[in-house]
Amino acid sequence: MVSDPRDPGAAFPDSREMAVVAARTAASKQGRSVVILDVRELITITDYFVIASGTSDRQVKTLADEIVRALKAQGVRPVRREGEVAARWVLLDFVDFVVHVFHPTLRNFYQLERLWADAEQIRING
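Residues numbered from 1 in each chain as written. Predicted model: local features only at pLDDT ≥ 70, side-chain atom pairs only at ≥ 80, totals over all residues. Heavy atoms only, no water.

### Some words on helix 1 (residues 15-28)
To keep it simple, the criterion reads: Put simply, DSSP marks the helices as runs of H or I at least four residues long and the strands as runs of E at least two long, and each gets a number from the N terminus on. A helix is expected to span 1.5 Å for every residue after the first. Burial classes follow relative accessibility: with a 1.4 Å probe on protein chains only, a residue under 20% of its type's maximum area counts as buried, one over 50% as exposed, and anything between as partly exposed. Any two residues whose heavy atoms approach within 4.5 Å at even a single point are treated as in contact. Distance and chemistry together define a polar contact, namely a pair of N or O atoms within 3.5 Å, with one atom able to donate a hydrogen and the other to accept it when in protein, and with adjacent residues in sequence counting only for side-chain atoms on both sides.
For helix 1, which comprises 14 residues, the first-to-last C-alpha distance of 20 Å matches the rise-based estimate of 20 Å (1.5 Å per residue) to within 8%. If you check which residues of helix 1 are buried, you get S15, M18, A19, V20, A22, A23, T25 and A26. Contacts from the buried residues of helix 1 go to strand 3 (32-38), strand 4 (48-53), helix 2 (57-72) and strand 7 (97-102). You can read the cap of helix 1 off the contacts: a side-chain oxygen lies 3.3 Å from the backbone nitrogen of R16, and it is on D14. Among the residues trailing helix 1, Q30 stands out with phi positive, at a value near 65°.

### Some points on the pairing of strand 4
Put simply, the rule is: Any two strands with at least two DSSP bridges between them are considered paired.
Within strand 4, 6 of the 6 residues are buried, which leaves the element mostly enclosed by the surrounding structure. Relative to strand 4, strand 3 is paired through 5 bridges, and the arrangement is antiparallel. Paired with R32 across the strands is S53, a residue of strand 4. Relative to strand 7, strand 4 is paired through 6 bridges, and the arrangement is parallel.

By themselves these figures say nothing about function.
What follows is the structure, given as structure tokens:
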């Protein structure tokens, strides 16, 4: 936990820790090629991207739902959710980190890891 500078008595979850929770949740639910990209030095709108793939539209939706459930248990909720109807690319915006859950075809097409190749990749051991 990190102190909230606006309220010294309050604390809010560390974005890296929460990105790791999201990544581990995806991996535990058979998400494929789960990776965390540290984009803090590259963009100002967020700190981390969590990227994972499901094997089908149904699994993409399930992974997204499980990530939201796990983070909600940590007191963190997304401010925006997109793509859940088609479930080909679900984006979960938690402000300090963004989760992308892809169908493999779209992940291969957009290649976010290649687009953000300068970002450090964070391992999620365990």
